[in-house]
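Structural overview
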Amino acid sequence: MKVAVYQMELVPGSPQDNREKVRRWVESEVKNDKPDLILLPEMWTTSYVLEELQTIADEALEPTKTFLSDLAKEHNINIIGGSIANKVNDELYNTSLVFDRTGNLIYKYSKMHLVPMLNEPGFLTGGKEKVQTFELDGIRMGVIICYDLRFPELARKLALDGAQVLFIPAEWPKPRTNHWVSLQLARAIENQMYVVSSNNVGTLNGVEYTGASLIVDPWGDVLAKGSEDKEETLRGTIHPERVTEVRKSVPIFESRVPELY
């Protein structure tokens, strides 16, 4: 499976501009070297303009749900739609959307861990549903969002449920770049799965975002890494048989003794 990651510089507070940026990027990628799947960053429609979200967030996932569904169907690609601010009964959630090639929304997940350092709990409501796996083109996958990366229980649950790939849309700040990279390598190695992330770049309200999007294989080898200061595309190929190979060579799941944990 060929994957393309959009390390994107967001237009703060302007969902329409950001949707048009994504449309142009997808059209360019399809013409260049058509991917099977694309990944977008966290809160890509709005960025972290938390005070404005009540007025500019999607409602019941629209209009972004239709926008991404149409893109997937038009170009016959799978889309991990990063995450968007979504209003439900006056509560705001940070929600990831997953579409198959037919444009069907096959999975959605709302970020359960909210970042105290950015005062997310003052504006957003944490998701209340457990992470689950989903399947695209016969490959079992999972998605978590940004700060969720710091909670290894989520990635391990997905791995135990059969996930071969973990996707992470994020808006991760530069002062914690080392954590961002190191934690992804750890999640890949300890769960013997691919980890594919999309982080944004640029500065908002004095916070600089670090980029450094990654495609990591199940052995922990970095297949692609974004810069820390510019918008760009990462490309890589997922080979599910590589997951099987690594899990066989170092059988950590067979060696677990969860009754003692």
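Figured I'd write up the structure that's included with this text. (Residues numbered from 1 in each chain as written. Predicted model: local features only at pLDDT ≥ 70, side-chain atom pairs only at ≥ 80, totals over all residues. Heavy atoms only, no water.)

A word on the pattern of salt bridges
Opposite charge on two side chains lets them pair, provided their charged atoms get close. Stated formally: One speaks of a salt bridge when a side-chain nitrogen belonging to Lys or Arg is within 4 Å of a carboxyl oxygen belonging to Asp or Glu. Runs of H or I in DSSP of at least four residues are treated as helices and runs of E of at least two as strands, each being numbered from the N terminus.
Counting across every chain of the model gives 15 salt bridges. With a closest N to O distance of 3.4 Å, E228 and K174 form a salt bridge. Residue E228 is located in the loop between β15 (222-225) and β16 (232-237), and its partner K174 is located in the loop between β10 (165-170) and α5 (177-191); the two are separated by 54 residues in the primary sequence. One connected set of salt bridges, linked through shared partners, spans D36, R101 and D137.

Some remarks on a nonpolar patch on the surface
Put simply, the rule reads: Nonpolar side chains (Val, Leu, Ile, Met, Phe, Trp, Tyr) within 5 Å and like charges within 9 Å form the patches, drawn only from residues with over 30% relative accessible area and no salt bridge. Note on areas: these come from Shrake-Rupley sampling with a 1.4 Å probe, and a residue is covered only by the protein chains present in the view.
A cluster of nonpolar side chains, contributed by V257, L260 and Y261, occupies part of the molecular surface with about 370 Å² of accessible area. Within the secondary structure layout, V257 lies in the segment after α7 (252-255).

A word on the environment of V181
Going by this rule: A contact between two residues is defined here by any heavy atoms of the two lying within 4.5 Å.
The topology assignment puts V181 in helix α5. Sequence spacing of V181 and N32 is 149 residues, and the spatial spacing of their C-alpha atoms is 28 Å. If sequence neighbours within four positions are ignored, V181 has contacts with A212, L214 and K225.

Comments concerning the nonpolar core
For clarity, the threshold we go by: Here, the term nonpolar core denotes a set of buried Ala, Val, Leu, Ile, Met, Phe, Trp, Tyr and Cys residues that are joined through side-chain atoms within 4.5 Å. In this scheme, a residue with accessible area under 20% of its type's maximum is buried, one over 50% is exposed, and one in between is partly exposed, where area comes from a 1.4 Å probe on protein chains only.
Counting residues in each nonpolar core, the largest one holds 46 residues, and the members touching the most others are I80, M141, F167, V196 and I238. In terms of residue count, β10 provides more of this core than any other element does, 5 residues in total. Ignoring anything within four residues of it in the chain, the contact list for M141 reads M1, L37, Q132, T133, F134, L136, A163, V165 and F167. L10, W44, L97 and F99 belong to the second-largest nonpolar core, a separate cluster that totals 20 residues.

Describing helix α6 (residues 240-249)
Along an α-helix, a turn takes 3.6 residues, which lines up residues three or four apart on a common side. Convention followed: The arc in question is the one spanned by the directions pointing from the helix axis to the C-beta atoms.
Residues of α6 that are buried: V243, V246 and R247. Around the axis of α6, the buried residues are gathered within 95° of arc, so they sit on the same side. Among the exposed residues of α6, those oriented more than 90 degrees off its buried face are E241, T244 and K248. On its buried face, α6 sits against α4 (152-160), α5, β11 (194-199) and α7.

Some remarks on the sheet that holds β10
Adjacent strands of a sheet pair through backbone hydrogen bonds, lying either parallel or antiparallel. As a reminder of what qualifies: At least two DSSP bridges between two strands are needed for those strands to be called paired. Note on method: axes are straight lines fitted to C-alpha atoms, helices fitted across the in-contact stretch only, with angles between N-to-C directions ranging 0 to 180 degrees.
Pairing within the open sheet is mixed, and its 6 strands lie in the order β8-β9-β10-β11-β14-β15. Sheet topology places β8 (134-136) and β15 at the edges, where each strand pairs with a single neighbour. For this sheet the average axis-to-axis angle between neighbouring strands, irrespective of direction, equals 20°. Here β11 pairs with strand β14 (residues 214-216) via 2 bridges, running antiparallel. Residue pairing for β14: V195 is matched across the bridge by V216.

A short note on the packing of helix α1 (residues 15-33) against helix α3 (residues 64-75)
Relative placement of two packed helices is described by the angle separating their axes and the distance separating the axes. Just so we agree on the cut-off: For classification purposes, angles smaller than 35 degrees are called roughly parallel, those larger than 145 roughly antiparallel, those between 65 and 115 roughly perpendicular, and all remaining angles oblique. Lys, Arg, Asp and Glu make up the charged group, whereas Ala, Val, Leu, Ile, Met, Phe, Trp, Tyr, Cys and Pro make up the nonpolar group; the residues left over, Gly among them, are polar.
For the pair α1 and α3, the least separation of the axes is 11 Å and the interaxial angle reads 10°. Considering their axes alone, α1 and α3 lie roughly parallel with respect to each other. Across from R19, V22, R23, V26, E27 and V30 in α1, the residues of α3 making contact are T64, F67, L71 and H75. For the contact of α1 with α3, the class distribution of residues is 5 nonpolar, 2 polar and 3 charged.

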